[in-house]
Each structure stands twice: as structure tokens, then as C-alpha cells.
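# Remarks on the overall topology
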Amino acid sequence: MKHQNLLSIAANLPQPPTNRGLVLLSAREMAKMRRVGRLAANLLNHLEPMVQPEVSTQALNDEAARWMHAHGAVSATLGYAPPGHPPFTGSICTSINEVVCHGIPNPKQKLKDGDIINIDVTPILDGYHGDTSRTFLVGQVATTARKLVEATQASMMRGIAEIKPGARIGDIGAAIQDYAEASGFSVVRDMVGHGVGRQFHTEPQVPHYGRRGSGLKLRPGMVFTVEPMLNEGTYELKFLADRWTVITKDKKLSAQFEHTVAVTQEGVEILTLA
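Residues numbered from 1 in each chain as written. Predicted model: local features only at pLDDT ≥ 70, side-chain atom pairs only at ≥ 80, totals over all residues. Heavy atoms only, no water.

### Looking at the overall build of the protein chain
Rules: Numbering of helices and strands runs from the N terminus; a helix is a DSSP stretch of H or I covering at least four residues, while a strand is a stretch of E covering at least two. Both definitions apply: the radius of gyration is a C-alpha atom measure, and the globule rule equals 2.2 Å times residues to the power 0.38. The rule is simple: take the accessible area with a 1.4 Å probe, protein chains only, and divide by the maximum for that residue type; under 20% is buried, over 50% is exposed, in between is partly exposed. The contact criterion used is simple: two residues touch if any of their non-hydrogen atoms lie within 4.5 Å. Methods summary: accessible areas were calculated by the Shrake-Rupley approach with a probe of 1.4 Å, and residue burial reflects only the protein chains presented.
Looking only at helices and strands, one finds 4 helices and 18 strands in the protein chain. Relative to the 2.2 N^0.38 estimate, which gives 19 Å for 274 residues, the radius of gyration of the protein chain is 17 Å and therefore close to what a compact globule would have. Over its C-alpha atoms, taken along the principal directions, the protein chain stretches across nearly 45 × 45 × 35 Å. Per-residue burial for the protein chain yields a buried fraction of 55% across its 274 residues. Counted over contacts in the protein chain with a minimum sequence separation of 6, partners at least 24 positions apart contribute 71%. Within the structure as shown, the protein chain displays about 11,100 Å² of accessible surface, and the carbon and sulfur contribution to it stands at 50%.

Next up, the structure:
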């Protein structure tokens, strides 16, 4: 789950506090982040076989909640309520087709053949957050949708490959933007990655577009998400009346992938691997 760039239209979207400052995690804390990161990745693996036509997003949500409880974890999203916004009612986010992010599980919303769905999970285990998401294909998916999903995952990995001590936040966004646009897709501007650890959202903010050599210098101990959203059409968004669901302005497809990563002495470690 991600929060909005402070420079964008902040009044329109739930935006967690970002005044907690930059947090550098200790070796002990990093071990806890590895544990919850693996748990988050395993949760997505567990849900993947359920991603089939006629399965409701509520069924996915309920199984995720059951599985987290069985593994000693709780959901960070359930009841999450930034100031001025209603509590989020899902244990996961389920964003289908033109929904960019923050889709709310619903018993009446069933997957259809040809859909794409992003499932975003954030379990809390031993006080630490594991934040990750993937976009899954439902049944037989059109070529454009498949290419969008593949390009989104590849762009995320291009961004992660830039991470090392001394690199800049802008290097991550530039790599993602270059790959996405060369693939024929746009990169969402108004949603960003974020620091994560004991708190759900901390500094730094991590845009998925930008200029090399710009932004905060990366240091060992920093932990944050890289979670690009690529759109089939325009990168412009529309916010629905529920104050959570974000869709593409032109109603074309959107896909997202997310990993939580740590800056190490040698480079980068992906914490949300099964």
C-alpha cells in the first residue's frame, strides 16, 4: 500500500503522516523485517490459486485475514483511517483492471475471465510491517493486458537494481520511467513508495519517475517500498467517492508490483521474497 506524493493533490487521497522522519534499521530490526517480508510474500503465494473467474474479492480478503491470523499476524490496512477519511474495511487491497490502487474487497465483486487484479498485502508481525503486491492474470487475458503486467514487474526490478549506498532516489524513478515509457506505458505520478518498518509509512518518499542524480542519497539501513503503477493510457487518476479507490482517468488498465527493499552495505536486499 502506498501514499500520495506530498507535492500532488493531497486533499483528494488518504495520505498517512510523513513527519516521522527517516528511519535507519538496526540488524535486529532488519531480521524482523525479513521475517514479516517473507510472510507477506508467502501470503500472496497462498492466495494465487484462488485468483480464478467467479471468485469474489471478499473471498480473497477473508482467506487472507484467516491466513494472517493463523500465522500470528494482523492486517495493517483493516481499520486504517487517515484523518478525514473512513476506516479501510479490507484486510487486503484488491484492485481490478482500471483500479490503480486501494480497491476495497466486496462480496458482490467477482473476478471475470480476462481481468487483471492487483492484490496488496501488509501483515504486521512482531510489530513490523511487510508490504508487497502483485498483479495477477485471471483466465485468458488480452495481449495488451499481459504486456502491461509484464512491463510493470520488469520496471520495478529495473528500479530495484539501481539501489546501493550513494545512489539517489531519482535513480530508481528514472530507471522505472525509462523502461515503462519505452514499453509504451505511462507511470503514475501521484502515488509513491515509502519508508516502512515499525510504522506503516515513513520517509523517504520514492517516486516512480524522475531524474538520475536527484533526490535523497541512499544509506545502509534504509528500508522502503518500490511499487510502480503503470497505466495503459494516461497517467492521470480519478478518485472515487469512497475516498479510497483510485482509478485511471481514461478507464484504461493499470497494473502494479511492489517489493519492500533494504539498502545494504553491498547494494540492495529484497525483503518480500518467499
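Now that the structure has been shown, the text picks up again.
### Section: the side chain of Glu29
Let me state the cut-off plainly: The charge count includes Lys and Arg as positive and Asp and Glu as negative, but it does not include His or the ends of the chains. Whenever a carboxyl oxygen of Asp or Glu lies within 4 Å of a side-chain nitrogen of Lys or Arg, that contact is scored as a salt bridge. For the purposes of these results, a polar contact is taken to be a pair of N or O atoms within 3.5 Å, where, inside protein, one atom must be able to donate a hydrogen and its partner to accept one; residues adjacent in sequence count only when each atom of the pair is a side-chain atom.
Here Glu29 lies in helix H1 (residues 27-47). Although buried, Glu29 forms no salt bridge, and the nearest oppositely charged side chain, Arg198, lies 5.1 Å from it. At 3.1 Å, the side chain of Glu29 forms a polar contact with the side chain of Tyr128. The contact partners of Glu29, leaving out residues within four places of it in the chain, are Leu24 and Tyr128.

### Section: the sheet that holds strand E6 (residues 123-125)
Cut-off, in case you're wondering: The pairing criterion for strands is at least two bridges between them, as found by DSSP. A fitted line through C-alpha atoms represents every axis, and for helices the fit uses only the stretch in contact; the resulting angles, taken between N-to-C directions, go from 0 to 180 degrees.
Reading across the sheet, the 3 strands line up as E2-E6-E7 and stay open at both edges, with antiparallel pairing between neighbours. At either end of the open sheet lies a strand with only one pairing partner, and these are strand E2 (74-75) and strand E7 (128-129). Where E2 and E6 come together, 2 bridges link them in antiparallel fashion. The partner of Val74 across the bridge, within E6, is Ile124. Contacts from H1 reach E6 and E7 within the one sheet, and its direction differs from that of E6 by about 140°.

### Describing the pairing of strand E3 (residues 93-96)
Of the two faces of E3, the one holding Cys93 and Ser95 and the one holding Thr94 and Ile96 are both buried throughout. Here 4 bridges tie E3 to strand E5 (residues 116-121), and the two strands are oriented antiparallel to one another. Its bridge partner being in E5, Cys93 is matched across the sheet by Asp120.

### Section: the pattern of salt bridges
Scanning the model with the defined rule gives 5 salt bridges in all. Among the ionic pairs, Glu63 bridges to Arg66, the shortest N-O distance being 2.7 Å. With Glu63 and Arg66 both in helix H2 (residues 57-70) and 3 residues apart, the pair spans about one turn of that helix. Given the relative accessible area of 44%, Arg66 is considered partly exposed. Where Lys112 meets Asp115, a salt bridge forms, and the shortest distance between an N and an O atom there is 4.0 Å. We classify Asp115 as buried; its relative accessible area is 4%.

### Describing a nonpolar patch on the surface
What counts, and what does not: The patch calculation keeps residues exceeding 30% relative accessible area without a salt bridge and links them within 9 Å when they carry like charges or within 5 Å when they are nonpolar (Val, Leu, Ile, Met, Phe, Trp, Tyr).
Taken together, the side chains of Leu22, Leu24 and Leu216 make up a nonpolar region of the molecular surface, amounting to roughly 220 Å² of accessible area. Mapped onto the elements of the fold, Leu216 is located in the loop between strand E11 (202-206) and strand E12 (223-226).

### Points about the sheet that holds E3
Across the sheet, which stays open at both edges, the 3 strands sit in the order E3-E5-E8 with antiparallel pairing between neighbours. The sheet terminates laterally at E3 and strand E8 (132-137), the two strands that pair on one side only. Across the sheet, the axes of successive neighbouring strands diverge by a mean angle of 20°, strand direction being ignored. Relative to E8, E5 runs antiparallel, the two sharing 6 bridges. Residue pairing across strands places Ile117 opposite Phe136, the latter belonging to E8.

### Digging into the nonpolar core
So the rule is basically this: Nonpolar cores were defined as sets of buried Ala, Val, Leu, Ile, Met, Phe, Trp, Tyr and Cys residues, with membership established by side-chain atoms within 4.5 Å.
One finds Met33, Val51, Leu60, Ile92, Ile117, Ile119 and Val223 to be the most contacted residues of the largest nonpolar core, which totals 30 residues. Beyond its immediate stretch of four places on either side in the chain, Ile119 contacts Leu44, Leu47, Val51, Leu60, Ile92, Cys93, Thr132, Ser133, Arg134 and Phe136. The next biggest cluster of nonpolar side chains, apart from the first, holds 27 residues, and it includes Ala151, Ala180, Met222 and Val263.

### So, the packing of aromatic side chains
Inclusion rule: Only Phe, Tyr and Trp rings are paired, with Trp represented by its six-membered ring, and only when their centres lie within 6.5 Å; those with planes under 30 degrees apart are stacked, over 60 edge-to-face, the remainder tilted. Geometrically, a charge over a ring is one whose NZ (Lys) or CZ (Arg) sits within 6 Å of the ring centre while staying within 35 degrees of the ring normal.
Tallying each qualifying case throughout the model produces 3 aromatic pairs. Relative to Trp244, the ring of Phe88 has its centre 5.1 Å away and its plane inclined at 75°; by these criteria the two rings are edge-to-face. With Phe88 in the loop between E2 and E3 and Trp244 in the loop between strand E14 (237-239) and strand E15 (246-248), this residue pair connects regions lying 156 residues apart in the sequence. Owing to a relative accessible area of 1%, Phe88 belongs among the buried residues under this scheme. Site record: aromatic cluster; members linked through ring pairs are Tyr80, Phe88, Phe200 and Trp244. Positioned above the aromatic ring of Tyr209 is the side chain of Arg189, whose terminal nitrogen or guanidinium carbon lies 4.8 Å from the ring centre. In this arrangement the basic side chain of Arg189 is found over the ring face of Tyr235, its NZ or CZ atom lying 4.2 Å from the centre.

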